[in-house]
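Remarks on the overall topology
Below, each chain spelled out in residue letters.
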Amino acid sequence: SKHSVNLDNRTANVVVRPFELEMGFQFELHVTVSGKKINVSEIPELPIPEGWMRDKLELNFYKTEQGGGGEIENVTYHKESGTAVITFLRPG
């Protein structure tokens, strides 16, 4: 668990320690559906990076067991307004 790292001609001794990621956020979304795009609103602000939120949205709307979903072309997430646009590869 102990390592030495060389940074700019200096050696730093570091110790690796395990940590737990806080997971398990649950939230409700409001959705407007069109042929190829879904507008999502009222996305709560969570203490996670924007990239993680885009990934969570993509995974949620990719699932087909819930009576919809499919391959995602693009996810545009706007943290400030709590909205996103999910674009699918094919209409459906």
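In this text, all values refer to a predicted model and were calculated from it rather than measured experimentally.

1. Comments concerning the environment of Gly69
- Residue placement: Gly69 occurs in the loop between helix H1 (50–62) and strand S5 (72–78).
- Judged by relative accessible area, which is 44%, Gly69 ranks as partly exposed.
- The spacing of Gly69 and Phe88 is 19 residues in sequence and 8.1 Å in space, taken between C-alpha atoms.

2. Details of a nonpolar patch on the surface
- On the surface, Val5, Leu7 and Val14 cluster together into a nonpolar patch covering about 210 Å² of accessible area.
- Here Val5 lies in strand S1 (residues 2–7).

3. Quick look at the nonpolar core
- Val40, Ile43, Met53, Leu57, Phe61 and Ile86 are the most contacted members of the largest nonpolar core, which has 14 residues in total.
- Mapped onto this core, the elements with two or more residues apiece are strand S4 (37–41), H1, S5 and strand S6 (83–88).

4. Some details on the pattern of salt bridges
- Under the defined criterion, the tally for this structure stands at two salt bridges.
- Across the salt bridge formed by Lys36 and Glu73, the nearest N and O atoms sit 3.5 Å from each other. Taken together, the positions of Lys36 in the loop between strand S3 (30–33) and S4 and Glu73 in strand S5 put the pair 37 residues apart, joining distant regions of the chain.
- Judged by relative accessible area, which is 32%, Lys36 ranks as partly exposed.
- The shortest N-O distance in the salt bridge between Arg90 and Glu71 comes to 3.2 Å. Of this pair, Arg90 sits in the segment after S6 while Glu71 sits in the loop between H1 and S5, and the two are 19 residues apart along the sequence.

5. Overview of the confidence of the model for the chain
- Per-residue confidence for the chain gives a mean pLDDT of 80, with 79% of residues at or over 70.
- Per-element mean pLDDT across the chain ranges from 65 in S3 up to 92 in S5.

6. Re the pairing of S5
- When S5 meets S6, the two strands line up antiparallel, connected through six bridges. In the sheet register, Thr76 faces S6, and the bridge partner there is Val85.
- Connecting S5 to the next strand, S6, in antiparallel fashion are four residues, including Gly82 with a positive phi near 65 degrees.

7. Focus: H1
- Its 13 residues give H1 an end-to-end C-alpha distance of 18 Å, which sits within 8% of 18 Å, the value for a rise of 1.5 Å per residue.
- Buried residues of H1: Met53, Leu57 and Phe61, and no others. Down the axis of H1, the sector holding all buried residues measures 60 degrees, keeping them to one side.

8. Observations concerning the environment of Val75
- Locating Val75 in the fold gives a position in strand S5.
- Classification of Val75 by relative accessible area gives buried; the value is 11%.
- The contacts of Val75, once residues within four sequence positions are left out, are Arg54, Leu57, Glu58, Val85 and Ile86.

Rules behind the numbers
Residues numbered from 1 in each chain as written. Predicted model: local features only at pLDDT ≥ 70, side-chain atom pairs only at ≥ 80, totals over all residues. Heavy atoms only, no water. Helix = DSSP H or I, 4+ residues; strand = E, 2+ residues; numbered from the N terminus. Buried < 20%, exposed > 50% of the residue type's maximum accessible area, 1.4 Å probe, protein only. Patch = residues over 30% accessible without salt bridge, like charges linked within 9 Å, V, L, I, M, F, W, Y side chains within 5 Å. Areas by Shrake-Rupley, 256 points an atom, 1.4 Å probe, with all protein chains shown as cover. Salt bridge = Lys/Arg side-chain N within 4 Å of Asp/Glu carboxyl O. Core = buried A, V, L, I, M, F, W, Y, C linked by side-chain atoms within 4.5 Å. pLDDT = per-residue confidence, 0-100. Pairing = 2+ DSSP bridges. Expected span 1.5 Å × (residues − 1). Arc of directions from axis to C-beta. Contact = heavy atoms within 4.5 Å.

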